[in-house]
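Coordinates in review
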Amino acid sequence: MNTEVTEIAPSVYRISTFHPDYGIQFNQFLIKDDEPFLMHTGFKKSFSVTLEGVSSIIDPSKLRWIGFSHFESDECGALNEWLGIAPQAQAVCSYVGAVVSVNDFAVRPARALSDNEALEIGGHRLRFLATPHVPHSWDAGLFFEETDRTLLCSDLFFHPGDPEPMIESGVVERARESIIAGMAGPLAKDMPYTPYTDSALHRLAELEPKTLALMHGSSFRGDGRAAIISLAEIIRETIGKPEETS
Ligand SMILES: [Fe+2]
Ligand SMILES: [Fe+2]
């Protein structure tokens, strides 16, 4: 497995590993600052390759914050490995995430953020948005880097394969195809459509991101607001459509 490192916004690095077994990329994002912030740890079994990517940017023992959206192995499976090599590092996630899962799983307690709370890491400020069940899981939340308007959007806009690090068009079309294909696959129903889905997505759109940092697939630079509004529409018309009963 090869890991590719790309700076997608000033001091925001995409660390991408394509896993042939899954046929998708797992992307971590490192924000290099006074208090370095890593978004997603990657799988525990992939720790060595993610570590190699982070080490090409900073001294990994200086990592301070480990953020993620929700409690799943690709998001935070290697959390304890990172806490082991970086003595100052602390997980940072939603209140629900900390209380329900992370503070039992992790060797040190997480910092739990409230909805809309800011995390200052030096020159960058991260805004945390609690987004229960978006993209999925009760504990879900997302981080928005306010300085250069990068949304670390976890599984939103998921698309498979090993595509280029950055695109400036086509992210909505790729997401649409993937949602439709996914509905017929073994991992169907990954994203619920709830009374909160539409408003959560529109709230993200109003942040007017310039860069969308995807966990699975190419990052996108462009009109993030329009892309998220289109995604909300696709989700409403596909996942939000009631299943036919026989
Ligand atoms: Fe997920
Ligand atoms: Fe994921």
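Here goes a summary of the coordinates provided.

Once that is clear, we can look at the coordination of the iron ion (ligand 2). Coordination sphere of the iron ion (ligand 2), protein contribution only: Asp 74 (OD), Asp 155 (OD), Met 215 (SD) and His 216 (NE2), at 2.1 to 2.5 Å. Between the 4 donor atoms coordinating the iron ion (ligand 2), the angles at the centre fall across 87 to 175°, so the site counts as irregular. Sequence positions of the donors to the iron ion (ligand 2) reduce to the motif D-x80-D-x59-M-H. Between the iron ion (ligand 2) and the iron ion (ligand 1), a spacing of 3.8 Å is present, and a bridge between the two is formed by Asp 155. Here Met 215 lies in the loop between strand S13 (211-213) and strand S14 (219-221) and Asp 155 lies in the loop between strand S11 (150-152) and strand S12 (166-167), a separation of 60 residues in the sequence. Overall, Asp 155 belongs to the buried group, its relative accessible area being 12%.

Let us look at the sheet that holds strand S1 (residues 3-9). Hydrogen bonds along the backbone pair up the strands of a sheet, which may run parallel or antiparallel. Spatially, S1-S2-S3-S4-S5-S6-S7 is the arrangement adopted by the 7 strands of the open sheet, whose pairing is mixed. Unpaired on one side and paired on the other, S1 and strand S7 (111-113) mark the two borders of the sheet. Strand after strand, the sheet turns through a mean of 25° between neighbouring axes, direction not considered. Two elements, strand S4 (residues 37-39) and strand S5 (residues 65-67), share 3 bridges in a ladder whose sense is parallel. Within S5, the residue paired with Met 39 across the bridge is Gly 67.

Now for the coordination of the iron ion (ligand 1). Every protein donor of the iron ion (ligand 1) is listed here as His 70 (NE2), Glu 72 (OE), His 136 (NE2) and Asp 155 (OD), and their distances to the metal cover 2.0 to 2.2 Å. Around the iron ion (ligand 1) sit 4 donor atoms; with metal-centred angles ranging over 87 to 162°, the donor geometry is irregular. Here the donor residues of the iron ion (ligand 1) share one chain and are spaced in sequence as H-x1-E-x63-H-x18-D.

Okay, the environment of Phe 105 next. Mapped onto the fold, Phe 105 is located in helix H4 (residues 95-105). Taking the relative accessible area as the measure of exposure, Phe 105 reaches 34% and is therefore partly exposed. Dropping the residues within four chain positions of it, Phe 105 is found in contact with Phe 71, Cys 76, Gly 77, Leu 79 and Asn 80.

As a further point, take the layout of surface pockets. Taken as a whole, the largest pocket encloses approximately 1,100 Å³ of empty space. Every element with two or more residues in the lining of the largest pocket is listed here: strand S3 (24-31), helix H2 (73-76), helix H5 (171-182) and helix H7 (224-237). By residue number, the principal contributor to the lining of the largest pocket is H5, which donates 5 residues. Taken together, the residues of the lining of the largest pocket break down into 22 nonpolar, 7 polar and 8 charged.

Moving on to empty space enclosed by the protein. All chains considered together, the criterion is met by 1 cavity of 30 Å³ or more. If you add up the space inside the largest cavity, you get close to 30 Å³. Taken together, Thr 17, His 19, Phe 26, Gln 28, Gly 42, Phe 43, Ser 46 and Thr 50 make up the full set of residues lining the largest cavity. Breaking the lining of the largest cavity down by element, the ones donating at least two residues are strand S2 (12-19) and S3. Considered class by class, the residues forming the lining of the largest cavity number 2 nonpolar, 6 polar and no charged.

We now examine the environment of Cys 76. Here Cys 76 is to be found in helix H2. Sequence-wise, Cys 76 and Ser 94 are 18 residues apart; in three dimensions their C-alpha atoms are separated by 13 Å.

Let us look at helix H1 (residues 47-55). For H1, every residue scored as buried is listed here: Phe 47, Val 49, Thr 50, Gly 53 and Val 54. With its buried residues spanning 165° around the axis, H1 presents them on a single face. Across from the buried face of H1, at angles greater than 90 degrees, the exposed residues are Ser 48 and Glu 52.

Take the sheet that holds strand S10 (residues 141-145) next. Here 7 strands make up an open sheet; going across it, the order is S8-S9-S10-S11-S13-S14-S12 and the pairing mixed. Taken across any chain shown, the strands that pair with only one partner, and hence form the sheet edges, are strand S8 (118-120) and S12. Pairing of S12 with S14, which is carried by 2 bridges, proceeds in the parallel orientation. Bridging across to S14, Met 166 finds its partner in Ser 219. Here H7 sits on the sheet in contact with S11, S13 and S14, set at roughly 55° to S13.

Rules of the game
- Residues numbered from 1 in each chain as written.
- Chains lettered and ligands numbered in written order.
- Predicted model: local features only at pLDDT ≥ 70, side-chain atom pairs only at ≥ 80, totals over all residues.
- Heavy atoms only, no water.
- Donors = N, O, S within 2.8 Å, 3.2 Å for Na, K, Ca; no water.
- Tetrahedral: all angles 85-135°; square planar, octahedral: opposite > 155°, others 65-115°.
- Helix = DSSP H or I, 4+ residues; strand = E, 2+ residues; numbered from the N terminus.
- Buried < 20%, exposed > 50% of the residue type's maximum accessible area, 1.4 Å probe, protein only.
- Pairing = 2+ DSSP bridges.
- Axes fitted to C-alpha atoms, helices over the stretch in contact; angles between N-to-C directions.
- Contact = heavy atoms within 4.5 Å.
- 1 Å grid on protein atoms, 1.4 Å probe; cavity = no way out; pocket = protein on both sides within 12 Å on 5 of 7 lines; lining within 4 Å.
- Points joined across faces, edges and corners; volume = space filled by probe spheres on them.
- Nonpolar A, V, L, I, M, F, W, Y, C, P; charged D, E, K, R; others polar.
- Arc of directions from axis to C-beta.

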